[in-house]
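Coordinate inspection notes
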Amino acid sequence: MVRNLENGVENREQLPLTVKSELEDLNGENPDIDIELGSDGLPRAMAFFDIDKTFTHLQPVYMEAVPQLFPQEVDAVKLWKVYEAGFKLGTSWREFYRMYGIYVLGKKEWIDPEVYTEQFMKPHIGEIDNPGNEYYEIADSYLKKFDMLATAAIQRQYSENPAAFEETKIRPIFHLAKLYKRLKIPMFGMSANPRNFVRQASKVLGLSEYFIDCASDTDVPGAKEYKIDYLIQKAKQKGIPIPYSKLIVVGDSISGDIGSGIRFKKLAESTSGQGHTNSADEISVHGLLVAADQGDVDSARAKIQQDADLAEMAESMNIQAIRTDLVEETTNNGRTSSLMAKGHQNKFLIDLNN
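Keep in mind that this is a model prediction, so the values were computed, not measured.

Moving on: the overall build of the chain. Across its full length, the chain carries twelve helices and eleven strands. Long-range contacts, defined here as pairs at least 24 residues apart, represent 71% of the contacts in the chain between residues at least 6 apart. Only carbon and sulfur atoms are counted for the fraction: they give 46% of the accessible area of the chain, which is about 15500 Å².

The next subject is the side chain of Ser 253. Position of Ser 253 relative to the elements: it lies in the loop between strand 6 (247-251) and helix 10 (254-270). With relative accessibility at 6%, the residue Ser 253 sits in the buried group. At a separation of 2.8 Å, a polar atom in the side chain of Ser 253 contacts the main-chain amide nitrogen of Gly 256. Setting aside its immediate chain neighbours within four residues, Ser 253 contacts Lys 88, Ile 258 and Leu 289.

All right, on to the packing of helix 1 (residues 59-69) against helix 2 (residues 76-84) then. Closest axis-to-axis distance for the helix 1/helix 2 pair is 10 Å, and the angle between their directions is 105°. What the angle tells us is that helix 1 and helix 2 run roughly perpendicular. Side by side, helix 1 and helix 2 meet where Gln 59, Tyr 62, Met 63, Val 66 and Pro 67 of the first sit next to Ala 76, Val 77, Leu 79, Trp 80 and Tyr 83 of the second. When grouped by side-chain class, the residues that make up the contact of helix 1 with helix 2 number nine nonpolar, one polar and no charged.

Right, let's get into the packing of helix 3 (residues 92-103) against helix 5 (residues 134-160). Taken N-terminus to C-terminus, the directions of helix 3 and helix 5 make an angle of 100°; their axes are 8 Å apart at the nearest point. With respect to helix 5, the element helix 3 is oriented roughly perpendicular. Between helix 3, through Ser 92, Trp 93, Phe 96, Tyr 97 and Tyr 100, and helix 5, the contact on the second element is made entirely by Tyr 135, Tyr 136, Ile 138, Ala 139, Asp 140, Tyr 142, Leu 143 and Phe 146. Taken together, the residues of the contact of helix 3 with helix 5 break down into eleven nonpolar, one polar and one charged.

What counts, and where the lines are drawn
Residues numbered from 1 in each chain as written. Predicted model: local features only at pLDDT ≥ 70, side-chain atom pairs only at ≥ 80, totals over all residues. Heavy atoms only, no water. Helix = DSSP H or I, 4+ residues; strand = E, 2+ residues; numbered from the N terminus. Contact = heavy atoms within 4.5 Å. Areas by Shrake-Rupley, 256 points an atom, 1.4 Å probe, with all protein chains shown as cover. Buried < 20%, exposed > 50% of the residue type's maximum accessible area, 1.4 Å probe, protein only. Polar contact = N/O pair within 3.5 Å; in protein donor to acceptor, adjacent residues only side chain to side chain. Axes fitted to C-alpha atoms, helices over the stretch in contact; angles between N-to-C directions. Parallel < 35°, antiparallel > 145°, perpendicular 65-115°, else oblique. Nonpolar A, V, L, I, M, F, W, Y, C, P; charged D, E, K, R; others polar.

Any link to function would need more than the numbers given here.
Below you can see the structure in the form of structure tokens.
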């Protein structure tokens with residue numbers, strides 16, 4: 001999809017559209033986002049990006065905030081590793097109930113997120129994700145505290161060392177966003193983190209330059225297919241036509257991020273004619289998995305082979321992995337650029353459909 005999006009740039013009739021980003025920059029302003037519409041009246045594509053471990057590694061923020069929630073664990077590094085292992089569970093409530101179970105209820109077996117998923121999360125997923133249930137209320141109390149603590153941590157850390165947040169960026173994905181921006185493709189963020197934390201992180205990372213909006217767990221409870229639907233409705237409100245046959249989902253989780261694309265398609269099919277789309281059969285989603293190395297690629301392939309839902313997904317949508325460790329960069333006159341858009345994609349793009 002990186003490669004294909006470049007085709008026909010010069011031959012395409014350009015119809016401009018400009019909207020305001022809902023995200024603020026460091027000056028408290030909402031930048032303009034330019035979108036190009038083709039002769040069919042649609043953008044070339046529409047992209048939905050995960051944030052954490054896709055655009056950035058925010059370990060220093062978590063290392064400051066999470067120990068304040070679970071002081072029972074005195075080893076901060078161990079606590080971080082336990083917490084990080086739950087990042088792909090899908091929602092913050094699932095993540096924090098797992099942590100509560102481990103450190104308050106003493107369910108040490110939940111340190112393995114697969115055990116937690118099979119033993120507890122799957123049977124109780126509705127109770128964890130939705131208000132009015134004990135499990136949700138417990139998880140939500142931790143989530144609200146985390147939102148406050150993590151937001152404060154970002155503000156403090158940025159005030160002391162702004163350059164540190166440059167080091168957290170996953171540069172190839174920023175270069176990909178720059179490519180999409182140059183092609184005037186509308187982009188959105190989505191995160192299984194609370195709103196204040198997401199907005200503050202977006203501000204210091206400069207995401208308002210790329211994203212029209214970003215959906216957090218506070219904005220849209222539940223998994224990311226609901227965030228995609230929410231963001232599409234927000235796009236419509238801004239007058240952006242939706243290229244349903246050219247949706248792109250970018251993220252580091254094969255199930256939680258990439259899988260949300262096919263789940264959104266099913267959601268739209270089940271609600272066709274109810275404000276989503278009247279032509280659900282025309283929805284086509286391309287998945288771009290952010291892989292740090294070959295190990296991430298192999299892990300994703302193994303999960304696809306072992307999980308019937310993921311295997312169905314792989315048959316229904318085009319999925320590529322981008323090996324970020326193989327994306328080359330060049331420096332010219334002090335400016336760093338990527339070879340992302342210069343015919344080198346075969347070095348770092350890997351098809352996961354076969």
